[in-house]
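Each chain is listed here by its residues.
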Amino acid sequence: MKTVGDKLESFKVTGVKPGFNQHEENGISAFEDITESSFPGKWKVIYFYPKDFTFVCPTEIAGFDRLADEFAAREAILMGGSVDNEFVKLAWRREHPDLDKLGHYQFGDTSGSLIDQLGVREKDSGVALRATFILDPDNTIQHVSVNNLDVGRSPEEVLRVLDGLQTGGMCACNRKVGGETL
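The following paragraphs examine the structure supplied in this document. Computed from a predicted structure; not experimentally measured.

**Focus: the overall build of the protein chain**
- Scanning the protein chain for helices and strands turns up five helices and 11 strands.
- Principal axes of the C-alpha set define a box for the protein chain whose edges measure 45 × 35 × 35 Å.
- Out of the 182 residues belonging to the protein chain, those deemed buried represent 49%.
- Long-range pairs, those at least 24 residues apart, make up 69% of the contacts in the protein chain with a sequence separation of at least 6.
- For the protein chain, the exposed surface amounts to about 8400 Å²; the carbon and sulfur share of it is 49%.
- Side chains of the protein chain give 20 positive and 29 negative charges; the mean places of these two sets differ by 2 Å.

Dropping the structure here:
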């Protein structure tokens, strides 16, 4: 597994843009290729979940989405992905009210180019573990956390860690997020 200090290498996944529920809306495609070169100069928060249409995932994804503006204010691109393809992600957005017009990127890593590079594929089921990576603008990993398939994570904690990384390690313990002190 890649860890803190490692660089992100070449990869390509299919991203679903924020705000889309259909494959094309107003003549604009919902899809774009995301690579290691996407989003230059931005921090990247990449979180993985096992599969779309599962019970823990919508809660986590909706939790990250509630903080999407907070991540954006910190010049961070928020991206969540699984092994399912981009069409499944759009279907899930249409099906689940908490994911309707999701305000951050999702991506399908059907080839495993990112999941395998980062070393977060669960050995028996072949899906992604619940892993979170924070990368600086130079694509160097600054934070990693990995949970098993059944345990969700706290989006607020991921935002707190990002704050700490961006302030050079200064305590980000008392920052207000969504009206709540962390």
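**Some remarks on the pairing of strand β5 (residues 43-48)**
- Of all six residues in β5, six are buried, a share of seventy percent or more.
- Judged by which residues are buried, β5 turns out to be covered on both faces: Trp43, Val45 and Tyr47 on one side and Lys44, Ile46 and Phe48 on the other are all buried.
- Pairing analysis gives six bridges linking β5 to strand β6 (residues 76-82), with the strands arranged parallel. Residue tyrosine 47 lies in a different strand from β6, and its bridge partner there is glycine 80.
- Bridge analysis of β5 against strand β8 (residues 130-135) gives four bridges, and the strand direction is antiparallel. Looking at β8, one finds that valine 45 is bridged to isoleucine 134.

**Side note on the packing of aromatic side chains**
- All told, the structure shown has nine aromatic pairs when counted by the stated rule.
- With a centroid separation of 5.1 Å and an interplanar angle of 75°, the aromatic rings of phenylalanine 31 and phenylalanine 87 are classed as edge-to-face. Taken together, the positions of phenylalanine 31 in strand β4 (residues 31-35) and phenylalanine 87 in helix α3 (residues 86-95) put the pair 56 residues apart, joining distant regions of the chain.
- By relative accessible area, phenylalanine 31 is classed as buried at 18%.
- Take phenylalanine 87: its relative accessible area is 47%, and that puts it in the partly exposed class.
- Between the aromatic rings of phenylalanine 39 and tyrosine 105, the centroid separation amounts to 5.2 Å while the plane-to-plane angle is 65°, which identifies the pairing as edge-to-face.

**As for empty space enclosed by the protein**
- Throughout the structure, instances matching the rule amount to one cavity of 30 Å³ or more.
- In this model, the largest cavity occupies a volume close to 30 Å³.
- Around the largest cavity, the lining residues are Leu8, Phe11, Ile34, Thr35, Glu36, Ser38, Phe39, Lys44, Ile46, Met79 and Asn139.
- Looking at the lining of the largest cavity, the elements that each hand over two or more residues are β4 and β5.
- Residue classes in the lining of the largest cavity are distributed as six nonpolar, three polar and two charged.

**Notes on the sheet that holds strand β1 (residues 12-16)**
- Spatially, β4-β1-β7-β6-β5-β8-β9 is the arrangement adopted by the seven strands of the open sheet, whose pairing is mixed. Strands with a single pairing partner mark the edges of an open sheet, and in this sheet they are β4 and β9 (141-147). Averaged over all adjacent pairs, the angle separating strand axes in this sheet is 25°, with direction ignored.
- By the bridge criterion, three bridges tie β1 to strand β7 (residues 105-108) in an arrangement that is antiparallel. Looking at the pairing, threonine 14 lines up with glycine 108 of β7.

**What about the nonpolar core?**
- Counting residues in hydrophobic clusters, the biggest one holds 22 residues, and the most contacted among them are Phe48, Met79, Leu114 and Phe133.
- At the level of elements, β5, β6, β7, α4 (113-118) and β8 are the ones that each hand at least two residues to this core.
- Each residue touching methionine 79, except ones within four places of it in the same chain, is listed here: Ile34, Phe39, Lys44, Val45, Ile46, Tyr47, Tyr105 and Phe107.
- In terms of nonpolar packing, the next biggest core, distinct from the first, is built from 19 residues, Trp43, Leu67, Trp92 and Val161 among them.

Cut-off values and rules
- Residues numbered from 1 in each chain as written.
- Predicted model: local features only at pLDDT ≥ 70, side-chain atom pairs only at ≥ 80, totals over all residues.
- Heavy atoms only, no water.
- Helix = DSSP H or I, 4+ residues; strand = E, 2+ residues; numbered from the N terminus.
- Buried < 20%, exposed > 50% of the residue type's maximum accessible area, 1.4 Å probe, protein only.
- Contact = heavy atoms within 4.5 Å.
- Areas by Shrake-Rupley, 256 points an atom, 1.4 Å probe, with all protein chains shown as cover.
- Lys, Arg positive; Asp, Glu negative; His and termini not counted.
- Charge placed at Lys NZ, Arg CZ, Asp CG, Glu CD.
- Pairing = 2+ DSSP bridges.
- Phe/Tyr/Trp six-rings, centres within 6.5 Å; stacked < 30°, edge-to-face > 60°.
- 1 Å grid on protein atoms, 1.4 Å probe; cavity = no way out; pocket = protein on both sides within 12 Å on 5 of 7 lines; lining within 4 Å.
- Points joined across faces, edges and corners; volume = space filled by probe spheres on them.
- Nonpolar A, V, L, I, M, F, W, Y, C, P; charged D, E, K, R; others polar.
- Axes fitted to C-alpha atoms, helices over the stretch in contact; angles between N-to-C directions.
- Core = buried A, V, L, I, M, F, W, Y, C linked by side-chain atoms within 4.5 Å.

What is shown is where atoms sit, not what they do.
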